[in-house]
Amino acid sequence: MKKSIVVIPSGSEGTGRVGAAESRPRRPAPARPVPSLTLGMTCLAILAILASCTRRETATRVYKNAPVIIISIDTLRADHLPAYGYKNVETPNIDRFRRDATLFENAYSHVPLTLPSHISMLTGALPPDNGVRNNIGYPFDAARHETIPSLLHKNGYATGAAISAYVLRGSTGIKNAFEFYDDAVEVRGGEAQGELQRDGATTAAIAERWIGEQGDRPFFFLLHLFEPHSPYTPPEPYKSRYTSSPYDGEIATADAIVGQFIDDLKRKKIYDRAVIVLMSDHGEGLNEHGEAEHGIFLYREELHVPLMLKLPDNDQSNRSVSQPVGLIDIFPTIAALTGITPPASLRGQSLLATSAHRSLYAETLYPRIHLGWSDLHSLIDDAHHYIKAPRPELYDFPHDLAERDNILERERRTYAAMRQQLDAYGSEMQAPSNIDPEEAKKLAALGYLSAATTQANGPLPDPKDRIGDIDALRQAARREVSGDVAGAIADYKRIVAANPNFADAWTKLARAQTSLGDYEAAIESYKRGIQVAPMLSGGNALQIASLFLNLGRIDDAEKNAHLAERSNPIDAHVLLGRVAMSRRDYVRAEAEAKAALGQQNDDRNAQVLLAQIFTEEHRFDEAMHILDALAPHEAKQPIALADFARGDILARTGHPEQAEIAFKREIELFPAETHAYANLAALFWFEGRRDEARQTINLMVQKNPRPDARAFAARTLADLSNQR
Ligand SMILES: [Zn+2]
């Protein structure tokens, strides 16, 4: 007898009926086979058989207008929670929540990447259906896809989210699904995009404040915590408590934040009447199959996630469900619980009407896009896990959860059946690229779509055969950080020679070349990165644009910045603003800065740009006002050109001593900003400190050993010498 949720009789608030839709392998869904009318059998009898065979009719109690909250704890492996039997960490708050909730023992993510996984959860649609298949390069179109918040909003809900990681920033398109979306995560230089995050307690405080402001209005809130994601740096007391497993220390930290958040909901008298889902977007490799983090493989440690559902009035508390379920099931569940009809296209089924005969789809295009290896696709049911790869794998789930023994050769029939089932999802599942024709035209115009792009058509390596290459890349990166940039460049070149489709290695090579001042070579490397992974073109094109700007090739900078308008609109507008500045077109520059601020009103680079435009227009007070407002952030995290802009205003308004301090600070923090040296040298020159002026120019060349910097230095010195 399989375990299942006890069916609650319909309450006085009304009844919603949720039928367990069969898992549908493709869209449009193939019609369920209807047996032909057999002689002597009434329609009614057939319907009764159908109901008993294919769907268990369950009545879900409806909690109309109940608050709905999703707590997403990023990168949390189910098997690292005590609620799932883990012994090495204490999570008293999640344990307490679990006792109020139904726990899903076998819940799976559909993609081990933060943005696509959250989008699949919010849309109730698989990544190929909702169009978001990677953290980068696949913007979300909220106008085309219904989401949990957009549907609830149409039914009178206020909707909000507070997130803790840059990968979920609003400009990916995700914020358009919400009324309120707080994503103020500090963007710092030099850090991998995936590591940009903010403290979960800060995010939870924003959630608590917003929830407190809703009064009696029904609301939906998504609280996203990033603690367990790398780097594993738990604060005290968890740091000392979990020295041997800082990942667990991060889980304990997240647990404390969840505890405080839930306490706040209880104080506000919301907890008891709320529908609360606690989940994770994916797991973490922890080197069980050679992957330290997540994104490359589809093994259980990457896909098996915690999932708990707490209903109002303690309904169905402390229960467990063993049937396989997926994150796409959350949408139909919330729709059923709030009595709202979900879109007919949803592939998922309500968690309150689970079925044993379920297959859960998962995919990752990350190895293909970033590493030049094959993409992976998988199907999980209650007995097996099939991974479609160049060398396919099949695991016996109840008996080999560690996925050590590939039984594919012994279980050919299961393999054939699951392969057929996965193939039925359709060829659109396999296509990695969703470059729109407009984008492709722009790429082709700049020579970024070429023969190199088609290399990907040959057989691609199996990620499990090449996972060691990640180590080679890491070692090269460590060499770079240790200061041996030339050595690292040689390593990166060896890596891309062995695997020319390794887009991330091209990017790392380009960054290292940039840091050595070899801008021309860096531009070439970024270009190769675009050629092998056109869906990553936005970020690379922005880098190319900013290098061209530094080289004084304004038209080239502009063309490349335009390439990033769709994928990285804020940064693209800031760059286009700088292009306009270089042409002294301040009207255009201001329009671009404001376009960036229109996307995100606290974008710091756009604010600095605006301050610089105002300075050129002699609107010094307004300019200084912007910079002063940025100062508290600057103290925590330096912003490129902010000190330069401040120094410029101070110099022009007769405060040379303060200007000198500001320019020196810019040079110290951002040694590649050549204009800071030039302005400081000019300041010295006019004060008669000619030696210091020359030393400053020498320092510019020393820190930027490039022809363009040497030419700029010579030009600056000549200009100064011509002044008297
Ligand atoms: Zn994640």
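Residues numbered from 1 in each chain as written. Predicted model: local features only at pLDDT ≥ 70, side-chain atom pairs only at ≥ 80, totals over all residues. Heavy atoms only, no water.

Participant: Would you mind going over the overall build of the chain with me for this structure?
Facilitator: Looking only at helices and strands, the chain has 30 helices and 17 strands in total. In the chain, which comprises 724 residues, the proportion classed as buried is 56%. In the chain, of all internal contacts separated by at least 6 residues, the share reaching a separation of at least 24 is 67%. (Helix = DSSP H or I, 4+ residues; strand = E, 2+ residues; numbered from the N terminus. Buried < 20%, exposed > 50% of the residue type's maximum accessible area, 1.4 Å probe, protein only. Contact = heavy atoms within 4.5 Å.)

Participant: Can you help me understand helix 28 (residues 674–686) in this one?
Facilitator: Given 3.6 residues to a turn, an α-helix orients residues that are three or four positions apart in the same direction. For helix 28, spanning 13 residues, the distance from its first C-alpha to its last is 19 Å, which sits close to the expected 18 Å at 1.5 Å a residue. Within helix 28, 10 of the 13 residues are buried, leaving the element largely enclosed by the surrounding structure. Taken together, the buried positions of helix 28 are occupied by Thr674, Ala676, Tyr677, Ala678, Leu680, Ala681, Ala682, Leu683, Phe684 and Trp685. Where helix 28 is buried, its residues touch helix 26 (642–652), helix 27 (656–669), helix 29 (690–703) and helix 30 (707–722). Downstream of helix 28 by one or two residues, Gly688 has phi in the positive range, about 80°. (Expected span 1.5 Å × (residues − 1).)

Participant: What should I look at first to understand the packing of aromatic side chains in this one?
Facilitator: Tallied over the entire structure, the rule returns 13 aromatic pairs. Taken together, a centroid distance of 5.4 Å and an interplanar angle of 45° make the contact between Phe178 and Tyr181 tilted. Judged on exposure class, the residue Phe178 and its partner Tyr181 are both buried. Taken together, the aromatic side chains of Phe180, Trp210, Phe219 and Phe221 make up a single cluster linked through ring pairs. Between the NZ or CZ atom of Arg300 and the centre of the ring of Phe397, over which it lies, the distance is 5.0 Å. Just above the ring of Tyr271 sits the side chain of Lys310; from NZ or CZ to the centre is 4.6 Å. (Phe/Tyr/Trp six-rings, centres within 6.5 Å; stacked < 30°, edge-to-face > 60°. Lys NZ or Arg CZ within 6 Å of the ring centre and 35° of its normal.)

Participant: Whenever I open this one, the pairing of strand 3 (residues 68–73) confuses me. Can you help?
Facilitator: Side chains on a regular strand alternate between the two faces of the sheet. Taking burial as the measure, the 6 residues of strand 3 include 6 buried ones, the bulk of the element. Side chains Val68, Ile70 and Ser72 of strand 3 all project onto a buried face; the interleaved residues Ile69, Ile71 and Ile73 project onto the opposite face, where all are buried too. Relative to strand 8 (residues 219–225), strand 3 runs parallel, the two sharing 6 bridges. Paired with Ile70 across the two strands is Leu222, which belongs to strand 8. In terms of strand pairing, strand 3 meets strand 9 (residues 275–279) through 5 bridges, oriented parallel. Bridge pairing links Ile70 to Val277 in strand 9. (Pairing = 2+ DSSP bridges.)

Participant: How do you make sense of the side chain of His289 when you look at a structure like this?
Facilitator: Its location among the elements puts His289 in the loop between strand 9 and helix 9 (300–303). Of note is the side chain of His289, whose polar atom sits 2.5 Å from the side chain of Glu301. (Polar contact = N/O pair within 3.5 Å; in protein donor to acceptor, adjacent residues only side chain to side chain.)

Participant: When you look at the nonpolar core in this model, what are you seeing that I'm missing?
Facilitator: Generally speaking, nonpolar side chains in soluble globular proteins are found buried as a group. In this structure, Ile70, Met121, Ile148, Phe178, Phe220, Leu307 and Ile330 are the most contacted members of the largest nonpolar core, which totals 89 residues. Both domains that meet at this core, namely domain 1 (68–353) and domain 2 (432–567), each give it at least three residues. Each residue touching Ile148, except ones within four places of it in the same chain, is listed here: Ile70, Met121, Leu122, Phe220, Ile330, Phe331 and Ile334. (Core = buried A, V, L, I, M, F, W, Y, C linked by side-chain atoms within 4.5 Å. Domains from an automatic or database assignment.)

Participant: Any chance you could explain the pattern of salt bridges here in plain terms?
Facilitator: Pairing between side chains becomes possible if they bear opposite charge and their charged atoms approach one another. In this structure the tally under the stated criterion is 44 salt bridges. Of the charged contacts, one joins Glu409 and Arg412 as a salt bridge, the two residues approaching to 3.3 Å between their closest N and O atoms. We classify Glu409 as exposed; its relative accessible area is 60%. Among the salt bridges present, the one from Glu617 reaches Arg619, with a minimum N-O distance of 2.7 Å. By relative accessible area, which is 27% here, Glu617 ends up partly exposed. Note on Arg619: relative accessible area 26%, which makes it partly exposed. Each of Glu590, Lys594, Glu617, Arg619 and Glu622 takes part in salt bridges that share partners, so that together they form one network. (Salt bridge = Lys/Arg side-chain N within 4 Å of Asp/Glu carboxyl O.)

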